[in-house]
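Topology and contacts: notes
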Amino acid sequence: YAERRDLIYKGINQIKGLSCIKPNGAFYVFMNIKQTGMTSEEFSMSLLRDVGVVTSPGSGFGRSGEGYVRLSYATSKENIEEGLKRVARFMKQHQTD
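Now for a look at the structure at hand. These numbers come from a predicted model, not from an experiment. In every chain, residue numbers begin from 1 and rise along the written sequence. Confidence filtering applies because this is a predicted model: local features only for residues at pLDDT of at least 70, side-chain atom pairs given and counted only at 80 or more, and all residues used for totals across whole chains, interfaces and linings. As a convention, hydrogens and water are excluded, and side-chain values are obtained from all of the structure's heavy atoms.

Quick word on the overall build of the protein
Inclusion rule: Helix and strand assignments come from DSSP, with helices taken as H or I runs of at least 4 residues and strands as E runs of at least 2, each series counted from the N terminus. The atom set for the radius of gyration is the C-alpha atoms, and the globule formula is 2.2 Å times the number of residues raised to the power 0.38. Exposure categories follow from relative accessible area, calculated using a 1.4 Å probe and restricted to protein chains: below 20% of the type maximum is buried, above 50% is exposed, and the middle band is partly exposed. Contacts are assigned to residue pairs that have any heavy atoms within 4.5 Å of one another. Computed with the Shrake-Rupley method and a 1.4 Å probe, the accessible areas treat only the protein chains shown as cover for residues. Neither His nor the chain termini are counted; the positive set is Lys and Arg, and the negative set is Asp and Glu. Here the site of a charge means NZ on Lys, CZ on Arg, CG on Asp, or CD on Glu.
Across its full length, the protein holds three helices and four strands. Rg of the C-alpha trace for the protein: 12 Å, near the compact-globule value of 13 Å for 97 residues, within the 12% margin. Dimensions of the protein, computed from C-alpha atoms along their principal axes, come out at roughly 30 × 30 × 20 Å. Expressed as a percentage of the 97 residues in the protein, the buried residues total 36%. Of the contacts made within the protein by residues no fewer than 6 positions apart, 58% connect residues no fewer than 24 positions apart. Split by element, the accessible area of the protein, about 5,900 Å² in all, is 49% carbon and sulfur. In the protein, which carries 14 positive and 10 negative side-chain charges, the distance between the mean positions of the two groups comes to 4 Å.

Given below as structure tokens:
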């Protein structure tokens with residue numbers, strides 16, 4: 001899990017407009033999406049619809065979760081790499097600058 005965690009952590013932080021803090025003991029990251037201007041629910045639904053990546057809206061974890069989405073890395077490295085490619089593609093499609 002440490003390898004997968006590091007893979008997803010580094011990958012997210014390389015995508016313009018997204019960031020996350022490296023988790024210490026979980027199997028998911030909370031990805032900061034605040035720069036997108038979307039709510040966590042809007043982001044999650046658009047990401048699923050547009051590129052087929054499933055996340056959980058942070059708003060489902062309480063008010064302080066808004067602006068974040070939860071992304072699991074309890075899957076293969078190949079799935080993580082593919083998911084990161086799709087998230088990067090999604091972000092390029094939704095750049096506002």
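Details of the nonpolar core
Stated formally: Among buried residues, those of type Ala, Val, Leu, Ile, Met, Phe, Trp, Tyr and Cys that are joined through side-chain atoms within 4.5 Å constitute a nonpolar core.
Within the largest apolar cluster, 21 residues are counted, with the highest numbers of intra-cluster contacts made by Ile 8, Ile 12, Leu 18, Met 31 and Phe 43. Discounting chain neighbours no more than four positions away, the residues touching Ile 12 are Leu 18, Ser 19, Cys 20, Val 29, Met 31, Leu 71 and Leu 84.

What about the packing of aromatic side chains?
The test is simple: Between 30 and 60 degrees the pair is tilted, below 30 it is stacked and above 60 it is edge-to-face, where a pair is any two Phe, Tyr or Trp rings, Trp via its six-membered ring, whose centres lie within 6.5 Å.
One pass over the full model with this rule turns up five aromatic pairs. For the ring pair Phe 30 and Phe 61, a centre distance of 5.4 Å and an interplane angle of 90° mean the geometry is edge-to-face. Here Phe 30 is found in strand S2 (residues 28-32), whereas its partner Phe 61 is found in the loop between strand S3 (56-57) and strand S4 (68-72), with 31 residues between them in sequence. The exposure class of Phe 30 is partly exposed, given its relative accessible area of 31%.

Some words on the sheet that holds S3
For clarity, the threshold we go by: A strand pair is defined by DSSP finding two or more bridges across the two strands.
Pairing is antiparallel across the open sheet formed by four strands, whose spatial order is S1-S2-S4-S3. Looking at strand neighbours, the two that pair on one side only are strand S1 (19-20) and S3, the edges of this open sheet. Relative to S4, S2 is paired through five bridges, and the arrangement is antiparallel. Considered in S4, the bridge of Tyr 28 is made with Ser 72.

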